[in-house]
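Breakdown of the fold
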Amino acid sequence: NTGGRYDPQTRMLRWTRAGHLPPVLVRDGAARALPLPDGVLLGLDPDAVYEEAGTQLQVGDTLLLFTDGLIERRSGSISDALRDFTAAAAPAGPDARSHADRILGTAISDTGDDACLVVVRIV
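One structure accompanies this document, and this report is about it. (Residues numbered from 1 in each chain as written. Predicted model: local features only at pLDDT ≥ 70, side-chain atom pairs only at ≥ 80, totals over all residues. Heavy atoms only, no water.)

The subject of this paragraph is the pattern of salt bridges. Under the defined criterion, the tally for this structure stands at four salt bridges. Two residues, Arg14 and Glu52, come together in a salt bridge whose shortest N-O distance is 3.9 Å. Taken together, the residues span a long stretch of sequence, with Arg14 in strand β2 (residues 12–17) and Glu52 in strand β5 (residues 52–56) at a distance of 38 residues. A salt bridge links Arg83 to Asp80; the shortest N-O distance between them is 3.0 Å. A residue pair is termed a helical-turn pair when its members lie 3 or 4 positions apart in one helix, as Arg83 and Asp80 do in helix α1 (residues 78–88) at three residues. Look at Asp80 and you get partly exposed, because its relative accessible area is 32%. (Salt bridge = Lys/Arg side-chain N within 4 Å of Asp/Glu carboxyl O. Helix = DSSP H or I, 4+ residues; strand = E, 2+ residues; numbered from the N terminus. Buried < 20%, exposed > 50% of the residue type's maximum accessible area, 1.4 Å probe, protein only.)

Among the residues making up helix α2 (residues 96–106), those that are buried are His99, Ala100 and Ile103. Here the buried residues of α2 occupy an arc of 95 degrees about the axis, which is enough to place them on one side. Opposite the buried face of α2, by more than 90 degrees, sit the exposed residues Arg97 and Gly105. Residues of α2 that are buried sit in contact with β3 (24–27), β6 (62–66), α1 and β7 (117–121). (Arc of directions from axis to C-beta. Contact = heavy atoms within 4.5 Å.)

The next subject is the pairing of β3. Across four bridges, the pairing between β3 and strand β4 (residues 30–33) is antiparallel. Its bridge partner being in β4, Leu25 is matched across the sheet by Arg32. Relative to β6, β3 is paired through three bridges, and the arrangement is antiparallel. Paired with Val26 across the strands is Thr62, a residue of β6. (Pairing = 2+ DSSP bridges.)

Quick look at the structure:
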C-alpha cells in the first residue's frame, strides 16, 4: 500500500510506503519511478513508523499509481517489470483516460493477481 496526500494549492504530493510499488511520474515526455520512502507492509508491525516522501508536481504532469498485479510476470523480476512499465508509461496521452487506456491495453501481467491503475493529470 502506498498512501498519499496531494495539496492542489501548492501542487505538493506527499506519500508513504506500506508495501506497494512506487508511483510513476510522467513529465515532459519522460517517465520515472519516484523514490520510495522506508516502510513495511501495512499491518505487519503495529509499532511501525512510516517515512514520508514528497515531490513538487507541475501542470501537465501525470501520476500513475498501480498495484503489482498490473505489471508482475511469473517469469521475471518485479524490478524488471517496473522498469518496463515505467518505460512504456511515456509519453502521457492527451488526457488521463486515454493514457490509462493505452497502459491497460499493453499490460502484460500473467499472474492472475488483482490489478488496479489510477491515472492523475495535474491541471
